[in-house]
Amino acid sequence: MNQLRGEFSFAVGKKKYEAALTLNSLRLMCQHFGKPLDQLQEWMGEDPLTAVPAFCYYGVKTAALRKGKEAKLPEFEVWCAQALDDAETLESMMQAVSSALGADDSSEEGGN
């Protein structure tokens, strides 16, 4: 059973995005960055300023693919430049990724 399934939305710059953090988004991200699945937690700790935007970027791609559409995203470095330019955007991304990965399960109630 696929228990990893975080669906969320957030804004980067002036554009709002829907994301689906699923096993497919992790697969795409791992392929792109050459990271094994079992090293993602370590990567998050070592390089959160790349990892967190990457989780969201590939979550947006997956959300579009699930609808049979192509995600209209800038290149990853442009995405990071926009996302990391705003502390609130980065914080919302971090919260969404942590929640989708199950890191917030015991600390928050009624997060929906």
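That block above? That's the structure.
Parameters and conventions
Counting restarts for each chain: residues are numbered from 1 in the order of the written sequence. Restriction of local features to residues with pLDDT of at least 70 applies here, the model being predicted, together with a cutoff of 80 or more for giving and counting side-chain atom pairs; totals for whole chains, interfaces and linings are based on all residues. Side-chain metrics rest on all non-hydrogen atoms present in the structure, leaving aside hydrogens and water. Elements are defined by DSSP. Helices are runs of H or I of four residues or more, strands are runs of E of two residues or more, and each kind is numbered from the N terminus. Categorising residues by exposure relies on relative accessible area from a 1.4 Å probe, with only protein chains included: less than 20% of the type maximum marks a residue as buried, more than 50% marks it as exposed, and the intermediate range marks it as partly exposed. Note on contacts: a residue pair is in contact if any heavy atoms of the two residues lie within 4.5 Å. Accessible surface is estimated by sampling points in the Shrake-Rupley manner with a 1.4 Å probe; for residues, cover comes only from the protein chains shown. Stacked, edge-to-face and tilted are the three classes for Phe, Tyr and Trp ring pairs, Trp counted by its six-membered ring, which pair at centre distances within 6.5 Å; planes under 30 degrees apart are stacked, over 60 edge-to-face, the rest tilted. A positively charged side chain is recorded as over a ring if its NZ (Lys) or CZ (Arg) lies within 6 Å of the ring centre. The angle to the ring normal must also be within 35 degrees. By salt bridge we mean one thing: a side-chain nitrogen of Lys or Arg within 4 Å of a carboxyl oxygen of Asp or Glu.

A. Representation of the overall build of the protein chain in the model. Summing up its helical and strand segments, the protein chain has five helices and two strands in all. The order of α-helices and β-strands along the protein chain, N terminus first, is β-β-α-α-α-α-α. Looking at the protein chain as a whole, 39% of its 112 residues qualify as buried. Sequence-distant contacts in the protein chain: of pairs separated by 6 or more residues, those separated by 24 or more amount to 53%. Total accessible area computed for the protein chain in this model is approximately 7100 Å², and 46% of it derives from carbon and sulfur atoms.

B. How the structure looks around the packing of aromatic side chains. Under the criterion given, the structure shown has ten aromatic pairs. Between Tyr-57 and Phe-76 the ring centres are 5.3 Å apart and the planes differ by 85 degrees, which places this aromatic pair in the edge-to-face class. Here Phe-76 lies in helix α4 (residues 76-83) and Tyr-57 lies in helix α3 (residues 48-66), a separation of 19 residues in the sequence. Each member of the aromatic cluster is reached from another via a ring pair, and the members are Phe-8, Phe-10, Tyr-17, Phe-33, Trp-43, Tyr-57, Tyr-58, Phe-76 and Trp-79. It is Lys-15 that lies over the ring of Tyr-17; its NZ or CZ is 5.6 Å from the centre.

C. Quick peek at the pattern of salt bridges. In the structure shown here, the tally under the stated rule is two salt bridges. The salt bridge partner of Arg-66 is Glu-7, with a shortest N-O separation of 3.1 Å. Taken together, the residues Arg-66 in helix α3 and Glu-7 in strand β1 (residues 6-12) connect sequence positions 59 residues apart. On the basis of relative accessible area, Arg-66 is assigned to the partly exposed category, the value being 42%. Between Glu-18 and Lys-67 there is a salt bridge, and its shortest N-O distance comes to 3.0 Å. In this pair, Glu-18 sits in strand β2 (residues 15-21) while Lys-67 sits in the loop between α3 and α4, placing the two residues 49 residues apart along the sequence. Here Lys-67 falls in the exposed class, since its relative accessible area comes to 53%.

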